[in-house]
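Observations on the three-dimensional arrangement
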Amino acid sequence: MKNNVIKNFFYSLKRVWRFDKGYVILNLISNILWAVNSYTYSFAIKFAIEAFEESKPFDTYIINILSVVVVTLILSCTIEIISNYFWTRTEHLSVNMTREFHLKSLDIDYEKFERSDIQDLHKKAHSAISYSGILGMVENGFGMFQHIVSVIIACAIISQVSLLLIGIIVACSIFKYFLGVYREKVRKRDLWDKLPPINRKITYANNISKNLSVGKDMRIYDMNLFVDKEREAVVEEYNHTYKKFLVKDTFLGILKSILDVVDELVLYGYMIYEVLANGMKISMFSFMISSVNQLTYSISSFIREYGRLVGCSLRVNDYIEFFSQELFLDYEIKEYDEEFKSLEFKNVSYSYYLQEGKALDNVSFKISSNEKLALVGYNGAGKTTLIKLICGLYHATDGEILINGINIERFDRKVLAKFIAPVFQDTVHYSIDIEENITLSVKPDSIRIDSILKDVDLYDRIESLPLKKKSIISRDIDEKGIDLSGGESQKLSLARAIYKDSPLMILDEPTSAMDAISESNLYTNINKLINNHSAIFISHRLSSTKFCDRVIMLDNGRIIESGTHQELLNENGEYAKLFNMQAEYYKGGDDNA
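Residues numbered from 1 in each chain as written. Predicted model: local features only at pLDDT ≥ 70, side-chain atom pairs only at ≥ 80, totals over all residues. Heavy atoms only, no water.

In terms of helices and strands, the protein carries 22 helices and 10 strands. Taking 2.2 N^0.38 as the reference for a compact globule, 593 residues should give roughly 25 Å; the C-alpha atoms of the protein span a radius of gyration of 35 Å, well beyond that estimate. The C-alpha extent of the protein, read off along each of the three principal axes, is 120 × 50 × 50 Å. Sorting the 593 residues of the protein into buried and exposed places 45% on the buried side. Here the contacts in the protein between residues at least 6 apart in sequence split such that 76% fall between residues at least 24 apart. For the protein, the computed accessible surface area is about 31,600 Å², with 58% contributed by carbon and sulfur atoms. Counting 68 positive and 77 negative side-chain charges, the protein places the averaged centre of each group 4 Å from the other. (Helix = DSSP H or I, 4+ residues; strand = E, 2+ residues; numbered from the N terminus. Rg over C-alpha atoms; globule rule 2.2 N^0.38 Å. Buried < 20%, exposed > 50% of the residue type's maximum accessible area, 1.4 Å probe, protein only. Contact = heavy atoms within 4.5 Å. Areas by Shrake-Rupley, 256 points an atom, 1.4 Å probe, with all protein chains shown as cover. Lys, Arg positive; Asp, Glu negative; His and termini not counted. Charge placed at Lys NZ, Arg CZ, Asp CG, Glu CD.)

Following both chains from N to C, one finds helix α1 (residues 5-19) and helix α12 (residues 282-322) inclined at 70°, their axes separated by 9 Å at the closest point. Viewed along their axes, α1 and α12 adopt a mutual orientation that is roughly perpendicular. In this structure, α1 crosses over α12, and the sense of that crossing is left-handed. Between α1 and α12, the residues in contact are V5, N8, Y11, S12 and R15 and Y306, L309, V310, S313, V316, N317, Y319 and I320, respectively. Its residues assigned to classes, the contact of α1 with α12 comprises 8 nonpolar, 4 polar and 1 charged. (Axes fitted to C-alpha atoms, helices over the stretch in contact; angles between N-to-C directions. Parallel < 35°, antiparallel > 145°, perpendicular 65-115°, else oblique. Left-handed = near helix turned anticlockwise from the far one by under 90°. Nonpolar A, V, L, I, M, F, W, Y, C, P; charged D, E, K, R; others polar.)

Looking now at the confidence of the model for the protein. In this model, the protein carries a mean pLDDT of 82, and residues with pLDDT of at least 70 account for 92%. This stretch, residues 589-593, has a pLDDT under 50; its non-local contacts, to residues over four places away or in other chains, come to 0 contacts. (pLDDT = per-residue confidence, 0-100.)

Positive phi, close to 55°, is recorded for N404, a residue that is not glycine. Residue placement: N404 occurs in the loop between β4 (398-403) and β5 (406-407). The phi angle at K468 is positive, at roughly 50°, despite the residue not being glycine. Inspection of the secondary structure assignment puts K468 in the loop between α17 (459-463) and α18 (486-500). We classify K468 as partly exposed; its relative accessible area is 36%.

Spatial ordering of the open sheet is given by β2-β1-β4-β5, a layout of 4 strands whose pairing is antiparallel. The sheet is open, and its two edges are formed by β2 (360-368) and β5, each paired on a single side. Pairing of β4 with β5, which is carried by 2 bridges, proceeds in the antiparallel orientation. What sits directly across from L402, in β5, is N407. Here helix α13 (residues 383-390) sits on the sheet and contacts β1 (342-350), β2 and β4; the angle it forms with β1, its principal contact strand, is near 120°. (Pairing = 2+ DSSP bridges.)

This paragraph deals with the pattern of salt bridges. Side chains that differ in sign of charge can pair as their charged atoms come close. Enumeration over the complete set of coordinates arrives at 19 salt bridges. Residues R89 and D20 are paired through a salt bridge, measuring 2.5 Å at the closest nitrogen-oxygen approach. Here D20 lies in the loop between α1 and α2 (21-37) and R89 lies in helix α4 (residues 58-105), a separation of 69 residues in the sequence. A salt bridge links D190 to R189; its shortest N-O distance comes to 2.8 Å. Look at the salt bridges and you will find they share partners, linking R15, R18 and E100 into a network. (Salt bridge = Lys/Arg side-chain N within 4 Å of Asp/Glu carboxyl O.)

And the structure:
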């Protein structure tokens, strides 16, 4: 992407202005005052020396000095007040922009967000919000404006003595400008673009040690040695990347320092020549030296700020590139109030990104209102992929998925979410209390929550807790927090889905972590739990298929059998084979008991 610094500056300014207009105005005022204030000391010194040279009355001398001191004091105090208030607003702005970014991230198409290349772009876009990106673009842009004002003032002063001096300063600065721009491009190319995937691996390796979900395996199987070996390899990759960049950056830094020394020698040499050859007064000499120093500083700062601006602009490019990836889908149907009548797959196929073959191949079926459907099959048959397609997390490669005869790709995701209440295979709970974990964004109804908790056999466990439904899940943010077992977590996820009260419940291995008694109790109460809703059950344990109206068996992404539980047993096909295998297992367990 072409690095258009000016365009990216106004892009960033527009975004910041939308969040906080006061931030922009204060920034501009502060930089103008800084530029003016930087010359007040030069004038004070000039007046002081000039008074002695011209033998002015002492009271005139004092008045001149005090006038400059008062102006300087007023400017300094004003700048200090603005700066302190400004930084408070800066932090507030950064928090709000980051918050919006993360909320926006939740709207990214899930299927695309799973891709590692999109995650790397997301990480770079997130870092572009800070002072290395959008905020830095505005800050450095206004900083450049400050130095432009300062340069104009200095040039007006120095032009009284020599325009050639200004030309020398500008010529040296132009060379340093191109050097600074090249240095930032090297930093972006050799460091910033290469670090996100490396940092992602380092973060994973560092976080796994405190991940309680894998902590048992880490300790028992001595996996820390393996993880440490992988971490060491990634850190070595990081160090190699950084060292390679550092060699180039150090060379460019040394070259810039040499140019700075040469610049200073030329300027001071010229001013000394003016004193010795043309009889420049000491007061003017000191004033010129101060002004020349301020000019060189302002130009150097301008170049430095522009170099940073180029770096920020390159990262703003990352931000713009990320949001130009068509990650956010536009849906035709924003509101839909009709009741659920049917869900239908018509010749649906699905292939994962950059993977050969099909996870689902020409799948067709239909589930009607109040119907219960079981999806069974061996591992890798495509069951979970199918569920993600129903939930709109994935998009069919071929064919279409219909709700009430309407392609679900036309439904806004919030509209689609009203139809479904899934319980995914990997149960997820948040570090909030139990009641909030069940209701989430839905208004809490304590009586209904208690009833559902009893139905999923979790009520007694929660009532035994000191804070009952107000108990925080996880000790991450509350030392009195609780941990749930695998089976209890599944029951809580099921309670959440039931409370949502959507017309289609999707249960992906809802009892995989439950004991046999809990599973039996759940299935005994299943009709009460589902409460005349449609439901899709996915389970390796085929006990759930007996109360379903229909069973579909998948194998390698294709439907190989379909019918009622009894019909499939009578066919004596793959389903019957799997069912009888499990039945023999439980019989064998009873015999051994």
